[in-house]
Amino acid sequence: MFSSQTAKIKYSYNKIREVKSHRIGELFSAYRDILWDDGRHKYNVSSFIGEVDEILLGERFSAFDQSTLDNLIGTLRQRGNSNATINRKMAALSKLLRKAHKMGDIHSLPEFRRQKERAGRIRFLERDEEARLFAAIKSRSEDAYRLSVFLVDTGCRLGEALGLIWNDIQEHRVSFWITKSGRSRTIPMTERVKEVIKLPASEGRRPKGPFTKLSQAQFRAIWNDAKAEVGLGADDQVVPHILRHTCASRLVQGGIDIRRVQMWLGHQTLSMTMRYAHLATNDLDGCVTVLETPRCSGADSGGASPLSSPPPARREPKSEPVASKAPKPAKRSAKS
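Residues numbered from 1 in each chain as written. Predicted model: local features only at pLDDT ≥ 70, side-chain atom pairs only at ≥ 80, totals over all residues. Heavy atoms only, no water.

K.L.:
Would you mind showing me how to read the overall build of the chain here?
P.N.:
When helices and strands are counted, the chain shows 14 helices and five strands. Counting across all 336 residues of the chain, residues that qualify as buried make up 35%. A separation of at least 24 residues holds for 62% of the contacts in the chain among residues at least 6 apart in sequence. Surface accessibility of the chain: about 23,400 Å² in total, with carbon and sulfur atoms responsible for 51%. (Helix = DSSP H or I, 4+ residues; strand = E, 2+ residues; numbered from the N terminus. Buried < 20%, exposed > 50% of the residue type's maximum accessible area, 1.4 Å probe, protein only. Contact = heavy atoms within 4.5 Å. Areas by Shrake-Rupley, 256 points an atom, 1.4 Å probe, with all protein chains shown as cover.)

Given below as structure tokens:
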């Protein structure tokens, strides 16, 4: 307390809070259920954070500085992590640290810079591959076969299909409410999708949805056995998510514009859908015509392009009829 004849000032220290040191694992235990929903993504995030805690040797900190982050990224790269994988791990770490900073557990944050990612090759199933793989799946499980057909014709994610209930299916359309982006979407169904959502006649209680009898683990086990049988076991890109890529690729190759493909797949940003844009090559067919047209010499070429429209024919000006002039009267002589 400070006082004088003219003023009195009181200082209070009640709101000052001591910042304690924490391990990454402790922060994750405190906030994981708040920041992430239960499911496969939360399981992956738990693995990411566990790896980060192991790299930091369980170090306790009250401030996460830039040098610590740079060393962490360098270690992940030395372990063979691609830039795309590093970005996913750093996104989880950034989300956790921002929450801890907001709650007052740490008092400074580093700058998270997104690593430049290369556009990788997108693998999708050819028609014959789909037929062989689906036949092998059907021989193992009718439910897994129905789910596979549904995934490739709707392009939805595996979790979105497994979470469907009967109220989500109305006449010729299906609605996805539980999505990765948090945005619902509704799309029309193909004829074979309408068939596979029908459950075979059986006794007992009707399940909650068309695919609720299966879990992700069960479907993936059946998938892996089937792909090994048809000779695709060594291809690590042939996972259930390839059915989503296959659907997108067929839409683009069939001439559907990118905006509609984005709406069909439920991508949050157009940049995610642009990964398939290179498959839409119909607009480039005219370039072949230009390249294959033989060059003509000099005046014969005229510089015209096969892609350009021919110049309009030159119109000759119409000649107007000229009125005949009457002869001038002869001048009279002065003598007459």
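And the narrative resumes.
K.L.:
Got a minute to help me understand the side chain of H22 in this structure?
P.N.:
With respect to the element layout, H22 can be found in the loop between β2 (8-9) and α1 (24-35). Apart from residues no more than four positions distant in its own chain, H22 is found in contact with L27, E59, R60, F61 and D105.

K.L.:
Help me understand the pairing of strand β4 (residues 173-176) in this model?
P.N.:
Remember that side chains alternate between the two faces of the sheet whenever the strand is regular. Both strand β3 (residues 169-170) and β4 contribute to a ladder of two bridges, which runs antiparallel. The partner of Q170 across the bridge, within β4, is R173. Counting the residues in the hairpin turn of β3 and β4 gives two residues, including E171, whose phi is positive at 50°. (Pairing = 2+ DSSP bridges.)

K.L.:
So what exactly am I meant to see when it comes to the packing of aromatic side chains here?
P.N.:
The description of an aromatic ring pair uses the distance of the two centres, along with the angle that the planes make with each other. Counted under the stated rule, the structure contains six aromatic pairs. Here F61 and F64 contribute two aromatic rings whose centre-to-centre distance is 5.2 Å and whose plane-to-plane angle is 80°, an arrangement assigned as edge-to-face. Through successive ring pairs, a cluster of aromatic residues spans F150, F176 and F211. Over the face of the ring belonging to Y145 we find K138, whose NZ or CZ atom lies 4.8 Å from the ring centre. The ring of W166 is capped by R206, whose NZ or CZ atom sits 4.0 Å from the centre of that ring. (Phe/Tyr/Trp six-rings, centres within 6.5 Å; stacked < 30°, edge-to-face > 60°. Lys NZ or Arg CZ within 6 Å of the ring centre and 35° of its normal.)

K.L.:
How should I be thinking about the packing of helix α5 (residues 127-140) against helix α9 (residues 216-229) in this particular structure?
P.N.:
A packed helix pair is summarised by two numbers, namely the angle formed by the two axes and the spacing between the axes. The contact between α5 and α9 brings their axes to 9 Å, and the two run at 130°. Classed by the angle they form, the pair α5 and α9 counts as oblique. Seen along the crossing, α5 lies across α9 with a hand that is right-handed. Where α5 approaches α9, its residues L133, A136, I137 and R140 are matched on the opposing element by I222, W223, D225, A226, K227 and E229. Of the residues that constitute the contact of α5 with α9, the class distribution is six nonpolar, no polar and four charged. (Axes fitted to C-alpha atoms, helices over the stretch in contact; angles between N-to-C directions. Parallel < 35°, antiparallel > 145°, perpendicular 65-115°, else oblique. Left-handed = near helix turned anticlockwise from the far one by under 90°. Nonpolar A, V, L, I, M, F, W, Y, C, P; charged D, E, K, R; others polar.)

K.L.:
What is the right way to read the pattern of salt bridges from this model?
P.N.:
Between side chains of opposite charge, pairing is possible as soon as their charged atoms come close. In this structure the tally under the stated criterion is 20 salt bridges. Of the charged contacts, one joins R140 and E229 as a salt bridge, the two residues approaching to 2.6 Å between their closest N and O atoms. Of this pair, R140 sits in helix α5 while E229 sits in helix α9; the two residues are 89 residues apart in sequence, bridging distant segments of the chain. Residue class for R140 comes out partly exposed when judged on its relative accessible area of 37%. Between D257 and R260 there is a salt bridge, with its nearest N and O atoms 2.4 Å apart. Judged by its relative accessible area of 55%, R260 falls in the exposed class. A single salt-bridge network, built from bridges that share partners, covers E51, E54, R79 and K89. (Salt bridge = Lys/Arg side-chain N within 4 Å of Asp/Glu carboxyl O.)

K.L.:
Explain the sheet that holds β3 to me, please; I cannot follow it from the model alone.
P.N.:
Strand pairing in a sheet relies on backbone hydrogen bonds. The paired strands run either parallel or antiparallel. Ordered in space as β3-β4-β5, the three strands form an open sheet in which the pairing is antiparallel. Strands with a single pairing partner mark the edges of an open sheet, and in this sheet they are β3 and β5 (185-188).

K.L.:
Even after reading the chapter, I still don't get the nonpolar core, so can you show me in this structure?
P.N.:
One broad trend across soluble globular proteins is that nonpolar side chains are buried collectively. Grouped together as the largest cluster of nonpolar side chains are 48 residues, with contacts concentrated most on L147 and F150. Those elements that provide at least two residues to this core are α5, α6 (142-154), α7 (158-162), β4, α8 (191-196), α9, α10 (242-253) and α11 (258-265). (Core = buried A, V, L, I, M, F, W, Y, C linked by side-chain atoms within 4.5 Å.)

K.L.:
Got a minute to help me understand the packing of α10 against α11 in this structure?
P.N.:
It is the contact of α10 with α11, at a shortest axis distance of 10 Å, that shows an interaxial angle of 155°. When the interaxial angle is binned, α10 and α11 end up roughly antiparallel. Seen from above, α10 lies across α11 with right-handed handedness. Judged by residue contacts, R244, C247, A248, L251 and V252 of α10 engage I258, V261, W264 and L265 from α11. Class assignment of the residues belonging to the contact of α10 with α11 gives a composition of eight nonpolar, no polar and one charged.

K.L.:
Before we go on, may I ask you to explain the environment of K20 in this structure?
P.N.:
Mapped onto the elements of the fold, K20 is located in the loop between β2 and α1. For the pair K20 and H107, spaced 87 residues apart in sequence, the C-alpha separation works out to 9.7 Å. Discounting chain neighbours no more than four positions away, the residues touching K20 are F61, S62 and D105.

The analysis is restricted to geometry; functional conclusions fall outside its scope.
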